[in-house]
Structures are given as structure tokens and as C-alpha cells.
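Okay, here's what each chain looks like letter by letter:
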Amino acid sequence: IGKELLAEAEKHALKHNATRMRLEVHQKNKKAQKLYTNMGYRIFAVHEDYYEDHANAVRMEKHLAPHLAQHLNHVPFYAQTLEFTCGPACLIMAMNAIDKGGEAAADRALEFKLWREATTIFMTSGHGGCGPLGLALAARKRGFDVSVSASNETEMFIDSVRSDTKKDVIRLVEEGFQTELAQTGIKVSDIQLSAKDICDHLDSGAIPVVLISAYRLSGDKIPHWVVATAHDDRFIYINDPFVDVEENRSPTDCIGIPITMREFERMMRFGRHKHFAAVVINNKTKEKD
């Protein structure tokens, strides 16, 4: 009966666009744990002093859309090593997926170099994040074919700071990016990509790097770069470079996260002005004489 109830709950969860189920079970309840394990649940954390008898709870989770697990390995995972390097980490994943065995070594030296090339210098507080124009230029510099979909990037990041001095610096950086961009022939569209567009790019062999609102992933109201890695009729799967150790989140938890098409389109807009940005990385360009 318990197995049938849980299976029915999973059907309802999937019907309502949930992508995973979680539960807590008493640490001594081995029969229940065995049932859950047989149904595909895996332990991901322990909640101490959870029950009235002060016993711990074993936390278990099951992905409701696991059928693309093997399919997702074509985008090698790279975790950002600093809180402000999600963009470079995503670019490393995309470049290595497109150019397997190429020169884009997945290491901190490249991560920091990409950040220095693409950073807006300031963003919210502390170190600056990377915008779509900077990331596109960094990818083109390494020989990749690139296209960009973005709202007004300058305004996008100026919204995140209050100081007039910082706003002036961001404008100068963005003007530099735009000047370089004009010399490369990189296509920049001011039309936001839809979930279908993301799927079409994936089907063509390209890898979209997308700026989303992190709120629906982590609860933080900040823009955050992720990589779209695959899709099926219902979900877009992403790699999230942020491995949150404090929340018991391992790299495995950040690979191939399924998000419904509708939900992903919501995530692709952030801030009060609903900004958007995506950089699509494609095959390496042929050198011209």
C-alpha cells in the first residue's frame, strides 16, 4: 500500500511540474528506508534532532525525470570556485562540450582569465559579474562561433549598483565591449530566446549559456549563469556551476537539473525591468586568410 501511495504521489507531483520528490524518514526505520531506496530514492543529507525523541531524520530524494542522465554527459561539469565566477564556469563547460579535447582546459587559471576579460567590474556589492557581451567576446577570442540575445546590457547592470561612480565605470566597460563587438561580427539580438529557441539550439549542436534569476533555484534574488545541456518534450536540463556545500549540494546535484519549459522561461527574466541575456556557443569558426 505504501508503495502504491508513493507512486501515486509522484504522478501528481510530475503533473504539477515538480521535478523531484524529497522525504524525511527516522534513522532507525530501516524498512521504510529500504522501500524508498527500492523506489529510486537516494540519501542526500541528515537532519539532526528532527523527531520528538531527538532522533535524526534521513533525508532522501528522487529525481522524477532521470531518463536523460546518461545523455547529459556530453557537457563536462565545471564548478565555479568563487561566488562571482558563474559566467566563466559556464563558458568553460560550453566550450569543452563543443570542442572536445580542445585547448579550453577546465581549471581556475582559465576561470579567472575569462572573468577578467568579461567582468563588468561592479555588480550589486563586491566583485563584478560577467555580462553576455564580455562572455561572447571571450568565446570568440578562443575561436568559437557565438550569438547573443540580450536586453540593454548597460542598463541591466547599472540597475544593480547605487553609486554614480560605479555606474560611470560600468558604462565605460560596456562601451568598450560594444566597440570590440562591432569589430567581430557577432550577432546581437534584442529579442529574448524562448524555451523552444533553447531547444532548437541544442538540437543543432550549440550550447546556450543563459542568465537566469537565481531565486527559483537558491532563493537569492540575483542574476546567475547556467548552461542548458539537453531537453525532452517537457524539460530543459541545466548544469548549475554553483555547488552549495552549506546546503549539502554536491556536483552531482548540479548536473542535469530538469526544469519545465514554462518555469525556465520565467527564470530567464530577472530584475524589476525583466532583463534577459543568453550567449549561444557554437562550432569553432574557420580562420580566414
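Scroll up to find the structure.
Residues numbered from 1 in each chain as written. Predicted model: local features only at pLDDT ≥ 70, side-chain atom pairs only at ≥ 80, totals over all residues. Heavy atoms only, no water.

Q: For this particular structure, what's the right way to read the pairing of strand β7 (residues 223-231)?
A: In regular strands, side chains alternate between the two faces of the sheet. Here β7 lies mainly inside the structure; eight of its nine residues are buried. The pairing of strand β6 (residues 207-213) with β7 spans five bridges and is classified as antiparallel. Within β7, the residue paired with L211 across the bridge is W225. If you look at the hairpin formed by β7 and strand β8 (residues 235-239), you'll find three residues sitting between the two strands. (Buried < 20%, exposed > 50% of the residue type's maximum accessible area, 1.4 Å probe, protein only. Helix = DSSP H or I, 4+ residues; strand = E, 2+ residues; numbered from the N terminus. Pairing = 2+ DSSP bridges.)

Q: Got a minute to help me understand the environment of V173 in this structure?
A: Relative to the assigned elements, V173 resides in helix α7 (residues 164-184). Separated by 54 residues in the primary sequence, V173 and T119 place their C-alpha atoms 8.6 Å from one another.

Q: Which parts of the structure should I look at to understand unusual backbone geometry?
A: Both trends apply: most residues other than glycine have a negative phi, and most peptide bonds are in trans. With phi around 50°, D49 is a residue other than glycine that occupies positive phi space. With respect to the element layout, D49 can be found in the loop between β2 (42-47) and β3 (57-63). For D49, a relative accessible area of 45% corresponds to the partly exposed category.

Q: How do you make sense of the side chain of Q80 when you look at a structure like this?
A: Its place among the elements puts Q80 in the loop between β3 and α3 (86-98). Separated by 3.4 Å, the side chain of Q80 and the backbone oxygen of E83 make a polar contact. Beyond its immediate chain neighbours, meaning those up to four positions away, Q80 contacts T85, C86, A89, E111, H224, P241 and F242. (Polar contact = N/O pair within 3.5 Å; in protein donor to acceptor, adjacent residues only side chain to side chain. Contact = heavy atoms within 4.5 Å.)

Q: Just to check I follow, could you spell out the packing of aromatic side chains for this structure?
A: Here the distance between the centres and the angle between the planes together describe a pair of aromatic rings. Scanning all chains against the criterion turns up four aromatic pairs. For the ring pair Y50 and Y51, a centre distance of 5.0 Å and an interplane angle of 80° mean the geometry is edge-to-face. Ring geometry for F235 versus Y237: centroids 6.1 Å apart, planes at 65°, classification edge-to-face. (Phe/Tyr/Trp six-rings, centres within 6.5 Å; stacked < 30°, edge-to-face > 60°.)

Q: What should I look at first to understand the pattern of salt bridges in this one?
A: Where charged atoms from two side chains of opposite charge approach closely, those side chains can pair. Taken as a whole and judged by the stated rule, the model has nine salt bridges. Linking K62 and E10 is a salt bridge whose minimum nitrogen-to-oxygen distance equals 3.1 Å. Note that K62 is positioned in strand β3 and E10 in helix α1 (residues 2-15), a separation of 52 residues in sequence. Accessibility assignment for this pair places K62 and E10 in one class, buried. K141 is the partner of E117 in a salt bridge, and the nearest nitrogen-oxygen pair spans 3.6 Å. Within this pair, whereas E117 is found in helix α4 (residues 108-118), its partner K141 is found in helix α5 (residues 132-141), the two being separated by 24 residues in sequence. When its relative accessible area of 21% is taken as the criterion, E117 is described as partly exposed. Taken together, the salt bridges that share partners define one network made up of R20, R22 and E61. (Salt bridge = Lys/Arg side-chain N within 4 Å of Asp/Glu carboxyl O.)

Q: I would appreciate a short explanation of empty space enclosed by the protein in the present structure.
A: Enumeration over the complete set of coordinates arrives at one cavity of 30 Å³ or more. Here the largest cavity defines a volume of roughly 40 Å³. Along its surface, the largest cavity is lined by S149, Q192, L193, V210, M268, F276, A277 and A278. (1 Å grid on protein atoms, 1.4 Å probe; cavity = no way out; pocket = protein on both sides within 12 Å on 5 of 7 lines; lining within 4 Å. Points joined across faces, edges and corners; volume = space filled by probe spheres on them.)

Q: Looking at this model, I keep getting lost on the layout of surface pockets. Mind explaining?
A: It is a probe the size of a water molecule, rolled over the atoms, that shows where empty space is left. Its boundaries defined by the atoms lining it, the largest pocket holds a volume of some 770 Å³. Around the largest pocket, the lining comprises 29 residues; the ones closest to its centre are R20, R22, R216, L217 and R249. Where the lining of the largest pocket is concerned, the elements lending two or more residues are β1 (20-26), β2, β3, α9 (215-218), β9 (257-260) and α10 (261-267). A class-by-class count of the residues in the lining of the largest pocket yields 10 nonpolar, six polar and 13 charged. (Nonpolar A, V, L, I, M, F, W, Y, C, P; charged D, E, K, R; others polar.)

Q: Could you clarify how one ought to interpret the environment of P241 in this entry?
A: Along the chain, P241 turns up in the loop between β8 and β9. For the pair formed by P241 and E83, sequence separation is 158 residues and the distance between their alpha carbons is 9.9 Å. When neighbours within four sequence positions are excluded, P241 is seen to be in contact with F77, Y78, A79, Q80, C86, A89, C90, M93, H224, W225 and V226.

It is worth stressing that arrangement in space is one thing and function is another; only the former is reported here.
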